[in-house]
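# Structural description and commentary
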Amino acid sequence: MNNVSLQSIQFLTLFPELISPALQVSLLGKAQERHLMQYGVTQIRDFATDRHRSVDATPYGGGEGMVLRVDVLHSAWQSLVQRHPEKRRRTLLMSPQGPHLTQEKASALLAYEELILVCGHYEGVDERFIELCVDEELSIGDYILTGGELPALVVADVVTRLIPGVVGNEDSIAHDSLEEGLLKYPQYTRPREFEGLEVPPVLLGGNHQEIAKWRQAQREQRTQLKRPDLRVKHPKK
Ligand SMILES: C[S@@+](CC[C@H](N)C(=O)[O-])C[C@H]1O[C@@H](n2cnc3c(N)ncnc32)[C@H](O)[C@@H]1O
């Protein structure tokens, strides 16, 4: 993978307690331990200025729900930028209004040194924050979550997995479902037989050329069957 600059992912959130534990375990935890990625979690409420520490207010013009205030969000965002003004960074607002996260989008994000992931809540954020600070909005799918924390974790997980050294075997990334617009081939492990179901004999023969041929054919077949749309998006090379 070329052009990997990403070193840091910063979360702006009202619920750090939702995000921080997820960063401690599995590959994300290991990525931090091995200094392959640094995560930071900033509580937006710390930048509220009134005595109630309010971060939201009712929308001008009326309507339902509360809107996150531009002044509070802006101060929280600025605190991150001012820490390392020189960094090549991208600010992403988690939003059902953005284009969907894809594997390609995740790869493109590796070119930045730092990502700031802004987690919305309530009815959303004041539009002026988007105008002033947000480079792009990103959705994880056509459904509405209560907040941007889970989407931000999804983005961090997908992107971190692409950092060289995070996944033990780099080949496993190259053969992931969706790479080159093909799904992954079926996989088997011990036991060799279970409830009458056998592992395909070609995988037991030790002929690596035959195995590679079989796997490639399986990838083509199951993509055609399960996700024919992928082949339209990524025509055969
Ligand atoms: C209840 S939603 C607000 C939805 C807003 N009223 C709208 O219609 O666009 C609260 C927050 O959750 C996050 N969110 C909800 N669904 C999302 C999705 N599919 N992808 C990314 N973020 C999402 C966003 O940060 C959003 O600001």
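Residues numbered from 1 in each chain as written. Predicted model: local features only at pLDDT ≥ 70, side-chain atom pairs only at ≥ 80, totals over all residues.

### Thoughts on the overall build of the protein chain
- A tally of helices and strands in the protein chain yields nine helices and nine strands.
- Of all 237 residues assigned to the protein chain, the portion counted as buried reaches 25%. (Helix = DSSP H or I, 4+ residues; strand = E, 2+ residues; numbered from the N terminus. Buried ≥ 20, exposed ≤ 12 C-beta atoms within 10 Å, placed from the backbone.)

### Considerations on the nonpolar core
- Membership of the largest hydrophobic core comes to 42 residues, with the highest contact counts inside it found for Leu 92, Leu 117 and Val 118.
- Here this core gets five residues from one element, more than from any other, and that element is helix 6 (residues 149–161).
- With residues up to four places along the chain from it excluded, the contact list for Leu 117 reads Ile 9, Gln 10, Phe 11, Leu 92, Met 94, Ala 152, Val 155 and Ala 156. (Core = buried A, V, L, I, M, F, W, Y, C linked by C-beta atoms within 7 Å. Contact = placed C-beta atoms within 7 Å.)

### What to know about the site of the ligand
- Near the ligand lie 19 residues; those nearest to it are Met 94, Gly 120, Leu 145, Gly 148 and Pro 151.
- Along the lines of polarity and charge, the residues of the shell around the ligand split into eight nonpolar, ten polar and one charged. (Near = placed C-beta within 6 Å. Nonpolar A, V, L, I, M, F, W, Y, C, P; charged D, E, K, R; others polar.)

### Topic: the sheet that holds strand 2 (residues 38–43)
- Across the sheet, five strands lie side by side as 2-1-6-5-7; this open sheet has parallel pairing. This sheet does not close on itself; its edge strands, each paired only once, are strand 2 and strand 7 (136–138). Strand-to-strand twist of the sheet, defined as the mean angle between neighbouring strand axes without regard to direction, takes the value 25°.
- Here three bridges tie strand 5 (residues 89–94) to strand 7, and the two strands are oriented parallel to one another. (Pairing = 2+ DSSP bridges. Axes fitted to C-alpha atoms, helices over the stretch in contact; angles between N-to-C directions.)

### Digging into the pairing of strand 6 (residues 114–118)
- With five of its five residues buried, strand 6 lies for the most part within the structure.
- Side chains Glu 114, Ile 116 and Val 118 of strand 6 all project onto a buried face; the interleaved residues Leu 115 and Leu 117 project onto the opposite face, where all are buried too.
- Here strand 1 (residues 8–13) pairs with strand 6 via five bridges, running parallel. In the sheet register, Leu 12 faces strand 6, and the bridge partner there is Val 118.
- The pairing of strand 5 with strand 6 spans five bridges and is parallel.

### Here's the deal with the environment of Glu 136
- If you trace the backbone, Glu 136 turns up in strand 7.
- A tally of 14 C-beta atoms within 10 Å means that Glu 136 is categorised as partly exposed.
- The spatial distance from the C-alpha of Glu 136 to the C-alpha of Arg 90 is 8.1 Å, given a sequence separation of 46 residues.
- Excluding its chain neighbours within four sequence positions, the residues that come into contact with Glu 136 are Leu 92 and Gly 98.

### Notes on helix 6
- For helix 6, spanning 13 residues, the distance from its first C-alpha to its last is 18 Å, which sits close to the expected 18 Å at 1.5 Å a residue.
- If you check which residues of helix 6 are buried, you get Glu 149, Pro 151, Ala 152, Leu 153, Val 155, Ala 156, Val 159 and Thr 160. (Expected span 1.5 Å × (residues − 1).)

### Points about the pairing of strand 1
- Taking burial as the measure, the six residues of strand 1 include five buried ones, the bulk of the element.
- Bridge analysis of strand 1 against strand 2 gives six bridges, and the strand direction is parallel. Note that in strand 2 the partner of Ile 9 across the bridge is Tyr 39.

### Some points on the domain arrangement of the protein chain
- According to the domain assignment, the protein chain contains domain 1 (8–161) and domain 2 (176–233).
- Distance between the C-alpha centres of domain 1 and domain 2: 37 Å. (Domains from an automatic or database assignment.)

### Some points on the environment of Leu 27
- With respect to the helices and strands, the residue Leu 27 is situated in helix 2 (residues 26–33).
- With 16 C-beta atoms packed within 10 Å, Leu 27 lands in the partly exposed category.
- Along the primary structure Leu 27 and Asn 169 are separated by 142 residues, whereas in three dimensions their C-alpha atoms are 13 Å apart.
- In this view, Leu 27 contacts Thr 160, Arg 161, Val 166 and Val 167; residues no more than four positions away in its chain are not counted.

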